Amino acid sequence: GDSVTQMEGPVTLSEEAFLTINCTYTATGYPSLFWYVQYPGEGLQLLLKATKADDKGSNKGFEATYRKETTSFHLEKGSVQVSDSAVYFCALRDDSWGKLQFGAGTQVVVTP
Amino acid sequence: ETGVTQTPRHLVMGMTNKKSLKCEQHLGHNAMYWYKQSAKKPLELMFVYNFKEQTENNSVPSRFSPECPNSSHLFLHLHTLQPEDSALYLCASSQPGTKGGEQYFGPGTRLTVT
């Protein structure tokens, strides 16, 4: 079945550092891929998405490229801020009904 | 503001109580979902409704009873819960049949069972 694997956290880094969160997937079809972010005390918010190979999703300085050859969708940001501290979830959607398969989530802590 | 609202935001209930969680979406979607998010555990999909019909129940105990009276509203009725049911319950909606159609989440209900 479909699955998503993302790096375990917590990831702790200083403000203005470069952030990478690895995400790989297995799927039988051609899934759409997503990154969601959850700030403390809130629900999940869509951060970015990509629907086909080589697509790059971007939002708020975050980027991720859909790599079919490596079945990956790694999240990157060049210079993080304290306000980026949150839990980040990688997810895929491989059917027309909209059900998502989530990774376990990666907590990111950014210190001043 | 994602267009999905949940009430109440916080709920404390005893094991013998009966309560309900409510979710409403203003996005015109036809699929709605209940998730359970517990500390240190992955997000768990509980129920899926498509066009008001339940299409998935992931072996959820019968003390959780969902109801979807129309495509905009989703309820989760709770009775005789256990302390391990304490968690954040998230509702989401999406539009089925749309390539790349993402789910939109509500803020969640923080449930504590005493």
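Residues numbered from 1 in each chain as written. Chains lettered and ligands numbered in written order. Predicted model: local features only at pLDDT ≥ 70, side-chain atom pairs only at ≥ 80, totals over all residues. Heavy atoms only, no water.

1. Focus on the interface of chain B and chain A
(1) Moving on: Taken together, the 26 residues of chain B in the interface contact 22 residues of chain A.
(2) Moving on: Note on chain B versus chain A: buried area summed over both sides is about 1,700 Å², and carbon and sulfur give 52% of it.
(3) Moving on: If you look at where chain B meets chain A, you find two salt bridges.
(4) Moving on: Between Lys49(A) and Glu102(B) there is a salt bridge, and its shortest N-O distance comes to 2.8 Å.
(5) Moving on: The tally of links between chain B and chain A comes to five residue pairs in polar contact (both at pLDDT 80 or more).
(6) Moving on: Looking at the side of chain B that touches chain A, the elements that each hand over two or more residues are strand E4 (31-37), strand E5 (44-50) and strand E9 (87-94) of chain B.
(7) Moving on: For the side of chain B that touches chain A, the element with the most residues is E4(B), which contributes four residues. (Contact = heavy atoms within 4.5 Å. Buried area = accessible area lost by both parts, 1.4 Å probe. Salt bridge = Lys/Arg side-chain N within 4 Å of Asp/Glu carboxyl O. Polar contact = N/O pair within 3.5 Å; in protein donor to acceptor, adjacent residues only side chain to side chain. Helix = DSSP H or I, 4+ residues; strand = E, 2+ residues; numbered from the N terminus.)

2. Thoughts on the pattern of salt bridges
Residues and elements named next belong to chain B.
(1) Moving on: Inspection of every chain in the model, using the stated rule, returns seven salt bridges over all chains.
(2) Moving on: A salt bridge links Lys41 to Glu44, with the nearest nitrogen and oxygen atoms 3.6 Å apart.
(3) Moving on: Here Arg63 and Asp85 are joined by a salt bridge, their closest N and O atoms 2.7 Å apart. Of this pair, Arg63 sits in the loop between strand E6 (53-57) and strand E7 (64-70) while Asp85 sits in the loop between strand E8 (73-79) and E9, and the two are 22 residues apart along the sequence.

3. Notes on unusual backbone geometry
Both trends apply: most residues other than glycine have a negative phi, and most peptide bonds are in trans.
(1) Moving on: Note the cis peptide between Gly9(A) and Pro10(A), where omega equals 0°.
(2) Moving on: Position of Pro10(A) among the secondary structure elements: in the loop between strand E1 (3-6) and strand E2 (11-14).
(3) Moving on: With omega at -10°, the peptide bond leading from Thr7(B) into Pro8(B) counts as cis.
(4) Moving on: Unlike most non-glycine residues, Asp54(A) shows phi in positive territory, near 75°.
(5) Moving on: Taking the relative accessible area as the measure of exposure, Asp54(A) reaches 52% and is therefore exposed.
(6) Moving on: Here the phi dihedral of Thr71(A) falls at roughly 40°; this positive angle occurs in a residue that is not glycine.
(7) Moving on: Relative to the helices and strands, Thr71(A) resides in the loop between strand E8 (62-65) and strand E9 (75-77). (Buried < 20%, exposed > 50% of the residue type's maximum accessible area, 1.4 Å probe, protein only.)

4. Topic: the nonpolar core
(1) Moving on: Counting 26 residues, the largest nonpolar core has Trp35(A), Phe73(A), Leu75(A) and Tyr88(A) as the members making the most contacts within it.
(2) Moving on: Ranked by residue count, the leading element in this core is strand E10 (residues 86-93) of chain A, at four residues.
(3) Moving on: What Leu75(A) contacts, discounting residues up to four positions off in sequence, is Leu19(A), Thr20(A), Ile21(A), Trp35(A), Leu47(A), Leu48(A), Phe62(A), Glu63(A), Ala64(A) and Tyr88(A).
(4) Moving on: Counting residues in hydrophobic clusters, the runner-up holds 22 residues, among them Cys23(B), Phe64(B), Leu74(B) and Leu111(B). (Core = buried A, V, L, I, M, F, W, Y, C linked by side-chain atoms within 4.5 Å.)

5. Regarding the state of the cysteines
Residues and elements named next belong to chain B.
(1) Moving on: For the structure on display, the rule yields two disulfides over all chains.
(2) Moving on: Here Cys23 engages in a disulfide with Cys91; their sulfurs sit 1.9 Å apart. Between Cys23 and Cys91 the sulfur-sulfur dihedral comes to about -75°; the bridge is accordingly left-handed. Here Cys91 lies in strand E9 and Cys23 lies in strand E3 (residues 18-25), a separation of 68 residues in the sequence. No difference in accessibility class separates Cys23 from Cys91, as the two residues are buried. (Disulfide = S-S within 2.5 Å.)

6. Description of the packing of aromatic side chains
(1) Moving on: This model, assessed by the stated rule, comprises eleven aromatic pairs over all chains.
(2) Moving on: A centroid spacing of 5.7 Å and a plane angle of 55° characterise the contact between Tyr36(A) and Phe102(A), whose relative ring orientation is tilted. Here Tyr36(A), found in strand E5 (residues 32-38), pairs with Phe102(A), found in strand E11 (residues 100-102); they are 66 residues apart in sequence, far enough to count as distant.
(3) Moving on: For Phe102(A), a relative accessible area of 10% puts it in the buried group.
(4) Moving on: A ring pair is formed by Phe62(A) and Tyr88(A), whose centres lie 5.6 Å apart and whose planes are at 40°; its orientation type is tilted. Remark: Tyr88(A) occurs in strand E10 and Phe62(A) occurs in strand E8; sequence separation between them is 26 residues.
(5) Moving on: What links up through ring pairs into an aromatic cluster is the set Phe34(A), Tyr36(A), Phe89(A), Phe102(A), Tyr33(B), Tyr35(B) and Phe105(B). (Phe/Tyr/Trp six-rings, centres within 6.5 Å; stacked < 30°, edge-to-face > 60°.)

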